[in-house]
Amino acid sequence: MTALIFDVANVIVDWDPMRALAGAVPDEVANDFLAAEVFWELNARTDAGMPLADAVVEMDDQAPHLVDVYRVYLERFPLTVSGPIAGTAEVIGELLAAGVRCYGLSNWAKENFNIARRANPVIDDLADVIVSGEVGLAKPDPEIFRYALDRFETRGDETLVIDDPQGNPATAAEVGLGTVLFTSAAQLRDELVRLRLL
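An account of the accompanying structure is given in this report. (Residues numbered from 1 in each chain as written. Predicted model: local features only at pLDDT ≥ 70, side-chain atom pairs only at ≥ 80, totals over all residues. Heavy atoms only, no water.)

1. Brief notes about the packing of aromatic side chains
Then comes step 1: This structure, assessed with the given rule, holds 11 aromatic pairs.
Then comes step 2: Taken together, a centroid distance of 4.8 Å and an interplanar angle of 50° make the contact between Phe33 and Phe39 tilted.
Then comes step 3: Here Phe33 falls in the buried class, since its relative accessible area comes to 0%.
Then comes step 4: Look at Phe39 and you get buried, because its relative accessible area is 1%.
Then comes step 5: Counting every residue linked through ring pairs, the aromatic cluster contains Phe33, Phe39, Trp40, Tyr70, Tyr73, Phe77, Trp108 and Phe113. (Phe/Tyr/Trp six-rings, centres within 6.5 Å; stacked < 30°, edge-to-face > 60°. Buried < 20%, exposed > 50% of the residue type's maximum accessible area, 1.4 Å probe, protein only.)

In structure tokens, the structure reads:
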């Protein structure tokens, strides 16, 4: 392996949608909203390039009883990111010092990815970062992994994807990339030592 591709949410930065709603709406309302299939459908579509303003219109059309909560969620979205995942920046620093090429591949709306960048500046140390909302492709679509291989000028058999379970690492494996399921920076570092990347 000569190249690593890092997910961002819950690998590099700590993301939890509940934080946007906590204290702003009753807990029961927040729980119902985040359990609603329409929220996750629109989240996937904004990850794949739909503008957030269009998502509000869609929410109003499909679930008008949730649109006000959705507006609160979007207005308070910066609160969803609490900061860096402990230790990941240090692991990336070690990899870069060892000459390993490191990239990012994130499911994220294009309008607010700057929030992730501010939460963990190590993102800007990566050689390149693909933001799904900017390219109109999102995981688990296998095409985004093929796109990544082409853009990063690497091959599947020499590339390792570091992702959390929600990032669908199985799809990366289907495209021929190696995968590591991320649970903590310590676990990741141990795996990279085992693979002789550190």
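2. Here we look at the environment of Glu134
Then comes step 1: With respect to the helices and strands, Glu134 occurs in helix α8 (residues 132-135).
Then comes step 2: Considered as a pair, Glu134 and Pro84 are 50 residues apart in the sequence and their alpha carbons are 22 Å apart. (Helix = DSSP H or I, 4+ residues; strand = E, 2+ residues; numbered from the N terminus.)

3. Description of the pairing of strand β6 (residues 159-163)
Then comes step 1: Burial of β6 is extensive: five of the five residues sit out of reach of the surface.
Then comes step 2: Side chains Thr159, Val161 and Asp163 project from β6 onto one buried face, and the interleaved Leu160 and Ile162 project onto a second face that is buried too.
Then comes step 3: In the sheet, strand β1 (residues 3-6) pairs with β6 via four bridges, with the strands oriented parallel. Within β6, the residue paired with Ile5 across the bridge is Val161.
Then comes step 4: Here four bridges tie β6 to strand β7 (residues 178-181), and the two strands are oriented parallel to one another. Each bridged residue has a counterpart across the sheet, and for Leu160 the counterpart in β7 is Gly178. (Pairing = 2+ DSSP bridges.)

4. Overview of helix α3 (residues 37-47)
Then comes step 1: Those residues of α3 lying buried are Val38, Phe39, Leu42, Asn43, Thr46 and Asp47.
Then comes step 2: Looking at the packing, one finds that the buried side of α3 touches α2 (27-35), α4 (52-62), α5 (67-75) and α8. (Contact = heavy atoms within 4.5 Å.)

5. A look at the sheet that holds β1
Then comes step 1: Strand order in the open sheet made by the five strands is β5-β4-β1-β6-β7, with parallel pairing throughout. Both outer strands of the open sheet, β5 (129-131) and β7, are each paired with one neighbouring strand and no more. Across the sheet, the mean angle from the axis of one strand to that of its neighbour is 20°, orientation sign disregarded. (Axes fitted to C-alpha atoms, helices over the stretch in contact; angles between N-to-C directions.)

6. Notes on the pattern of salt bridges
Close approach of charged atoms lets side chains of opposite charge pair.
Then comes step 1: What the rule picks out here adds up to 13 salt bridges.
Then comes step 2: In this structure, Glu58 engages Arg45 in a salt bridge whose closest nitrogen and oxygen atoms are separated by 3.4 Å. Here Glu58 is found in helix α4, whereas its partner Arg45 is found in helix α3, with 13 residues between them in sequence.
Then comes step 3: With relative accessibility at 25%, the residue Glu58 sits in the partly exposed group. (Salt bridge = Lys/Arg side-chain N within 4 Å of Asp/Glu carboxyl O.)

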